[in-house]
Amino acid sequence: MTISRRSFLGGATGAAIVGGGAWAALIRDGVETAAPSLASTTTLTPSSTTTTAAVAAAAANAGVAESLHDRVLVVLELAGGNDALNTLVPDLGRYHDARPLVGLGDAELIALAGTDHRLHPALGGLASFWDAGTMSAIAGVAMPEQSRSHFQAMDSWRSGTAGPSQTGWLGRWLDLSLDEERNGVDDPLRAIALGGGSPALVGSRTMATAIRNPANFSLRTQRGTDADALIDAFLATSAPLVDDPTLAAAQQAIPGTLDAVALLASARVDDATGLASPTQGGTAQELLATAANIIDMEIGTRILTVGVGGFDTHASQHATHHDLLADIGAGLEAFFARLAATGHLDRVMVITTSEFGRRVTENGSGGTDHGNGGLQFVFGPTVAGGVVHGGYELNSLDRGDLPLVVDTRSVYRSALEWLGGDGAADGVFDDVSDALPLLST
Amino acid sequence: MISFNSTRETVAFLARRATWGLAPGELDELEALGVQGTIERLVDPSAAGLAEEVSWADWDFTYDRGDRDAARAQEVEAYERWIGRLLGTERPLDHQLAWFWHDHFAVSFQVVKSLPMMLEHLERCWALGRGNFRKLIREITTDPAMLVFLDGNTSTGDAPNENYGRELLELYTVGINNFSEADVAAAAAALTGWVVRRSDGHAQFVARRHDDSPQTLLGVDGVHDVDTTVAAVTGSPACPVFIAAKVARYFLGDVDTTTIFELGSVFAEADLDIATLIRATLEAGVAGKATPTVLAPLPWLAQVVKATGARAETELLAGALRALGQIPGNPPNVGGYPGASTWLASSATAARFSASTAIARATDDESPVMVAARARDWSGLADELLRPAGFSQPTITALEELGAGASTRPGEAALAVALASPDLLVA
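Residues numbered from 1 in each chain as written. Chains lettered and ligands numbered in written order. Predicted model: local features only at pLDDT ≥ 70, side-chain atom pairs only at ≥ 80, totals over all residues.

Participant: Hey, could you go over the interface of chain B and chain A for me, with residue numbers and the actual values?
Facilitator: Residue-level contacts link 57 residues of chain B with 54 residues of chain A. Among the secondary structure elements, those contributing two or more residues to the side of chain B that touches chain A are helix 9 (163–173), helix 17 (340–343), helix 18 (346–361), helix 21 (393–401), helix 22 (412–420) and helix 23 (422–425) of chain B. With 10 residues, helix 18 of chain B is the largest single contributor of residues to the side of chain B that touches chain A. Split by residue class, the side of chain B that touches chain A holds 24 nonpolar, 23 polar and 10 charged. (Contact = placed C-beta atoms within 7 Å. Helix = DSSP H or I, 4+ residues; strand = E, 2+ residues; numbered from the N terminus. Nonpolar A, V, L, I, M, F, W, Y, C, P; charged D, E, K, R; others polar.)

This is the structure:
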């Protein structure tokens, strides 16, 4: 982050930077006393809210971060199997034939420049990113031989390996880059999982920090006790490590937690971008707001995962899927607005994942069953925008499912090469799948 | 492997794994019963002379989600009844099994949205949870909450919904790699026609919504309805091993494969009688087959609340469970509540510390744990907290170094640190 870039974007957006904020106060209070309530909201100020179009345009012009080590990869995990065909809708008669009830009508869809594919109406706010050239999509994306089981498919998406693996694709990158980036000394804040831990982050020599609900992430003590002494004693239970690996794992969790609480207490909530302070946690909007705060703190975090569930839409999926995508769309818009306001837009790439797309033909419940080929979105300043990679091959279905057109490991590979430079993905994957040309050269 | 140096250590292990914690003095009673006596009392409480429990959900009320305040009050009352029952029961293993099956089926109130249906489901998990597994699966398959949760309610012969058929095979009976996609489709078709009647919320079979054509399921021909489906899936040789493995991991931790296959054989030979499987599982545990496990938030909280006798108001319990990330009745997905790595994550670690300070505050001066903490009697405190072998050396050192002035009330700070310690998280 530089002053000049902040000034540039500040000029483009007119958003003021406000430090401190309700969340920091909340955590500070929480450490000192038993905080009575978590409800602390900031006032919305629509007049100063950055317009999405301005952010998208700024993103297109933001250029490349000074150092690769400043870059942050955000992986937005949509658990349950997001319905690809109703998220980025193909202009094909077979789509409507297969989905008389579940299919979306032409009138409500959002057109995108340069493609026949159209967006779900709840994602309309993202069209400006597409048009500005900072967003692309990958359709028909899957892992080879992917299962229709949530758990097997999630395992393979998160491991990035054809067979079983003890580590995740992000964890292996954290492992492999540890020497070069950190002289071999691990820091659990290099990778932070919001909305629950992600197996993608599991490494063999690195640890990630998992925070389910940022609003509840605090250490509380009672009046009439010495908070510092209690926290020191809690830390003291963690060392030296005992022989039993389970007890040792419980010990190892403590120091990183105390560090994370202390650091996140200084996260800011910026009133000017109109973000509500995180309260209950769990929605994409709240988790992405926290992610933006963490990026702004510049604590050396290189990877953030954001986990959101509920995409297993077997029945009556219209309303459910609409609400889920609206949360994602609003969350991403606010996230990028926040990054623009704080001058971090050029440091961040976002990719979405989901363990499978859904069956092409609707079931009798107004929903869709588990399928195969899915959809990913990619956002970032150096993304070659406005492109649908791969595609929906509705004429060559595999057992009623969209077939694999793009191997998601080629998306992962591109993301890691952006994050860590050429060769960053070497050793992470067990095959030699090429990187997808996601980035502008 | 966990080995034991005394009867007291062995029965404390059983209490940590198969009860919801012990009140002060109860560990002495179990020690007097002995190891086998404790197992029998847990597995067959009627034979041990304990009174039968009446249905805990037998609670007559009118539930109207339109009346939000009244519905919310009833939901809070249901929650208090449920947690109160876990903490107060004389038959804790029955409620461990009810919880195990709730976790196994992972039916979520957030999806079901009807409190009476959810209670009826939990009641089934309790009432059938120690009986025959085939009967349990049969009843859960047409349980109204399940019909809503996994969409059997809207599945028709013309366009079957695969949600329940898939999870019946993958998660409930035989496990992944023991069925094919054709089996999923077969189960889905054979189970069509069961709906939840709007008028009274009961399950009903509607023949015109059903596909009665014969299916082949797991190699069994002629499967066409709920009974033949249940017979096919529970008749698979994979079923007793799959269930035994899950039960063994729940009660014993990371169990070796040989033990799992032995327990699977016991379960199969007992015609899928759950109580027989549980008895064999606990016996394997006391014979040294168990490994240390991380306690999930609800058992951790129940154990510390019972041991301290803390005045645990709903607000404290609900707030702690929420912050810890395990909300009874709301598993995060169809896989059930998450595993150890989630409870070791930063969120849960911070929440455990905060809950420990609140529970220590809610503990009376006369409580045996507080007496021991005040006296700086760390081995006595560990014993009261179901760790008769004592705390680990780092925890003892941390308690030693904690000044007596760390809390205005003597002992409170030390009790809080002991409750939050890694020792209490690991069973």
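The discussion continues.
Participant: Can you explain unusual backbone geometry? Please cite residues and give values.
Facilitator: All names here are of chain A. Of the consecutive residues A239 and P240, the connecting peptide bond is found in the cis state with omega at -5°. Take P240: it is sitting in the loop between helix 9 (227–236) and helix 10 (245–264). For E298, which is not glycine, the phi dihedral falls at a positive 50°. Looking at the element boundaries, E298 is found in the loop between helix 11 (284–297) and strand 8 (303–308).

Participant: Tell me about the domain arrangement of chain B, and please be specific about residues and values.
Facilitator: Residue and element names in this part refer to chain B. Each domain of chain B was delimited in the assignment, giving domain 1 (7–52 + 237–289) and domain 2 (297–425). Between the C-alpha centres of domain 1 and domain 2 there is a distance of 25 Å. Facing the 11 residues of domain 1 at the interface are 13 residues of domain 2. With 5 residues, helix 1 (residues 7–18) is the largest single contributor of residues to the side of domain 1 that touches domain 2. (Domains from an automatic or database assignment.)

Participant: Kindly report on the confidence of the model for chain A, identifying the contributing residues and their values.
Facilitator: For residues with low pLDDT, the predicted coordinates do not support detailed interpretation. Of the residues in chain A, 81% have a pLDDT of 70 or more, and the chain-wide mean is 82. With pLDDT under 50 throughout, residues 1–50 of chain A is counted as low confidence; its partners more than four residues away or in other chains account for 94 contacts. (pLDDT = per-residue confidence, 0-100.)

Participant: Break down the sheet that holds strand 2 (residues 88–89) of chain A for me, with residues and values.
Facilitator: All names here are of chain A. The strand order 2-4-3 describes an open sheet built from 3 strands, whose pairing is antiparallel. The open sheet has two edge strands, strand 2 and strand 3 (110–111), and neither has a second partner. Across 2 bridges, the pairing between strand 2 and strand 4 (residues 118–119) is antiparallel. The partner of V89 across the bridge, within strand 4, is R118. (Pairing = 2+ DSSP bridges.)

Participant: Can you explain helix 9 of chain B? Please cite residues and give values.
Facilitator: Residues and elements named next belong to chain B. Most of helix 9 sits inside the fold, with 11 of its 11 residues counted as buried. Three or more residues of helix 9 are buried, namely N163, Y164, G165, R166, E167, L168, L169, E170, L171, Y172 and T173. Considering only its buried residues, helix 9 is in contact with helix 4 (92–105), helix 7 (133–141), helix 10 (181–190), helix 11 (226–235) and helix 12 (238–252). Looking one or two residues past helix 9, G175 carries a phi angle of roughly 90°, positive in sign. (Buried ≥ 20, exposed ≤ 12 C-beta atoms within 10 Å, placed from the backbone.)

Participant: Outline the confidence of the model for chain B, supporting the account with residue identities and numerical values.
Facilitator: Of the residues in chain B, 100% reach a pLDDT of 70 or more, and the chain-wide mean stands at 95. In the model output, the complex is listed with pTM 0.85 alongside ipTM 0.95.

Participant: Any details on the pairing of strand 9 (residues 348–353) of chain A? Residues and values, ideally.
Facilitator: Residue and element names in this part refer to chain A. Summarising burial for strand 9: 6 of the 6 residues are buried, a large majority. Residues V348, V350 and T352 of strand 9 are buried on one face, and the alternating residues M349, I351 and T353, pointing to the opposite face, are buried as well. When strand 1 (residues 72–78) meets strand 9, the two strands line up parallel, connected through 6 bridges. In the strand pairing of strand 9, E77 is matched with T353. Taken together, the 2 bridges between strand 9 and strand 10 (residues 374–379) define a ladder with antiparallel strand orientation. Note on strand 10: the bridge partner recorded for I351 is V378.

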